[in-house]
Amino acid sequence: MTADAPDSRDLLSFLDFHVAAGVDAVLDETPHDRFAEPEAPRRAARAEADAPMRPSEPTPELARAAPPPRQDAPRAEVPRQEAVRQETVRQETVRPEAPSTYGRSAAAAPGEAAGDARELAATAASLEELEGLLGQFESCALRFTAKNLVFADGNPQARVMFVGEAPGADEDRVGKPFMGRSGQLLDRMMAAVGLDRTNAYVGNVVPWRPPGNRNPTPQELATCKPFIERQIALADPDILVCLGGVATQALAGTKDGILKSRGRWFPYRTGRREIRLLATLHPAYLLRQPLQKRLAWRDFRALRAALDEGGR
Ligand code: URA
């Protein structure tokens, strides 16, 4: 056996990971040399890996089991156009007089909204305060079309924090990140390396669902970024795991697509200290491209090793 050849323990844990992640079928009998394929499909694959990562429909179980939405959001289930119309009316009528809210308006100029967010986020002395401030922040229009603020789940004292892109329909309904099919896969991947929501903390770069699961715009990302940065600083994990290209580009300061940046460790400054950021593939992408789970498995093993190195 060569120095690089996996031993049988590696192979067994590789298999275990796939079984735990729900792989129960082989898609092809023969291997494909993807490097030998023309550039166009490869470009399409890269684009898909960087595409929005929220399923458009809630899972049936969650649709049934959903708790009522929180007080601070519009309640009625309305078609998107109607929601936008209502939002326009609300902006024209209600918001200027609304007390106990922060930010100028959803129509604020890009730089101004981000500036508001930075100032406000910096005042939060705890995660609870930060969540409260976000609940009152009005300079991001997404809050008006979302049912709920999706702030976090898991243990804020954990050494590892996972950050996704933005909530989808299930998360919007429940008010917690990663509740749908990609959340179930994330839970299985975490479990394969001894993690769950009691020893990991989970959040998103954008805490409100973009309507119709469209991509968050650069302006929305810029407006929400000071809040996730403050959330990370307050939770103070040792390791940050960015799920997918949007989170990685927002937090790691790279413009590389996720297929290039995954598996890489980046330095990340929380304001208090430098921690390590690991980029990996988004579970929603893995649901569409199950063969890529082998790459995620490498990343999760690297994560486990880094946690073990750091003790605890
Ligand atoms: N995709 C994300 O990026 N975040 C979630 O919370 C759910 C799906």
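For the structure, see preceding data.
Keep in mind it's a predicted model, so treat the numbers as computed, not measured.

Trainee: Explain the site of the ligand here, please?
Mentor: Residues in close proximity to the ligand total 11 residues, the closest being E165, A166, F178, N204 and H282. In this structure, A166 approaches the ligand through a main-chain N or O atom, which is 3.1 Å from a nitrogen atom. Between the ligand and N204 there is a distance of 2.9 Å, counted from a nitrogen atom to a side-chain nitrogen or oxygen. Isolated, the ligand exposes 240 Å² of accessible area, and the fraction of that covered by the protein chains is 100%.

Trainee: Help me understand the pairing of strand β6 (residues 274-280) in this model?
Mentor: Walk down a regular strand and you will see the side chains alternate between the two sheet faces. Of all 7 residues that make up β6, 5 are buried, and the element is covered over most of its length. When strand β4 (residues 239-243) meets β6, the two strands line up parallel, connected through 5 bridges. By the bridge assignment, V241 is partnered in β6 with L278. Pairing geometry for strand β5 (residues 265-269) and β6, over 5 bridges, is antiparallel. When the bridges of β6 are listed, R269 appears paired with E274. Here β5 folds back onto β6, and the loop between the two strands holds 4 residues, one of which, G271, carries a positive phi near 105°.

Trainee: Honestly, the nonpolar core in this entry has me stumped. Any pointers?
Mentor: Formed by 70 residues in total, the largest nonpolar core has its most connected members in V160, F162, W208, L240, L251 and L303. Those residues in contact with V160 that lie beyond four places of it in its chain are L195, N199, A200, Y201, P237, I239, V241, L303 and L307.

Trainee: In this structure, what is going on with the pattern of salt bridges? I would like to understand it.
Mentor: If charged atoms from side chains of opposite charge come close, those side chains can pair. Scanning the entire structure with this criterion turns up 15 salt bridges. D187 is the partner of R197 in a salt bridge, and the nearest nitrogen-oxygen pair spans 3.0 Å. Highlighted residues: R197 in the loop between α9 (181-192) and β3 (201-204) and D187 in helix α9, separated in sequence by 10 residues. Residue classification places R197 among the buried positions, given a relative accessible area of 15%. Residue D187 is classed as partly exposed on the basis of its relative accessible area of 32%. Between K225 and E229 there is a salt bridge, with its nearest N and O atoms 3.9 Å apart. Residue K225 and its partner E229 are both found in helix α10 (residues 218-235); the two are separated by 4 residues, about one turn of the helix. We classify E229 as partly exposed; its relative accessible area is 32%. Several salt bridges converge on common partners, so that one network encompasses R159, D236, D238, R272 and R273.

Trainee: Just to check I follow, could you spell out the side chain of R262 for this structure?
Mentor: Its place among the elements puts R262 in the loop between α12 (258-261) and β5. The contact partners of R262, leaving out residues within four places of it in the chain, are A279, T280, L281, L295, R298 and D299.

Trainee: Any chance you could explain the packing of aromatic side chains here in plain terms?
Mentor: How two aromatic rings sit relative to each other is set out by the distance from centre to centre and by the angle between their planes. Across all of its chains, the model carries 2 aromatic pairs by this definition. Considering the side-chain rings of F137 and F227, the 4.9 Å spacing of their centres and the 65° angle between planes classify their relative orientation as edge-to-face. Separated by 90 residues along the polypeptide, F137 in the loop between α6 (127-136) and α7 (142-145) and F227 in helix α10 bring together distant segments of the chain. When sorted by exposure, F137 lands in the same class as F227, which is buried. Seen in terms of ring centroids, F162 and F300 are 6.0 Å apart; in terms of plane orientation they differ by 20°. Their pairing is stacked. Of the two residues, F162 is situated in strand β2 (residues 160-164) and F300 in helix α14 (residues 293-309); the sequence distance between them amounts to 138 residues. Given a relative accessible area of 1%, F300 falls into the buried group. The cationic tip of R143 hangs over the ring face of F144; the distance from NZ or CZ to the ring centre is 5.4 Å. When the ring centre of W265 is taken as reference, the NZ or CZ atom of R276 above it lies at 4.1 Å.

Cut-offs applied
Residues numbered from 1 in each chain as written. Predicted model: local features only at pLDDT ≥ 70, side-chain atom pairs only at ≥ 80, totals over all residues. Heavy atoms only, no water. Near = heavy atom within 4 Å. Polar contact = N/O pair within 3.5 Å; in protein donor to acceptor, adjacent residues only side chain to side chain. Areas by Shrake-Rupley, 256 points an atom, 1.4 Å probe, with all protein chains shown as cover. Buried < 20%, exposed > 50% of the residue type's maximum accessible area, 1.4 Å probe, protein only. Helix = DSSP H or I, 4+ residues; strand = E, 2+ residues; numbered from the N terminus. Pairing = 2+ DSSP bridges. Core = buried A, V, L, I, M, F, W, Y, C linked by side-chain atoms within 4.5 Å. Contact = heavy atoms within 4.5 Å. Salt bridge = Lys/Arg side-chain N within 4 Å of Asp/Glu carboxyl O. Phe/Tyr/Trp six-rings, centres within 6.5 Å; stacked < 30°, edge-to-face > 60°. Lys NZ or Arg CZ within 6 Å of the ring centre and 35° of its normal.

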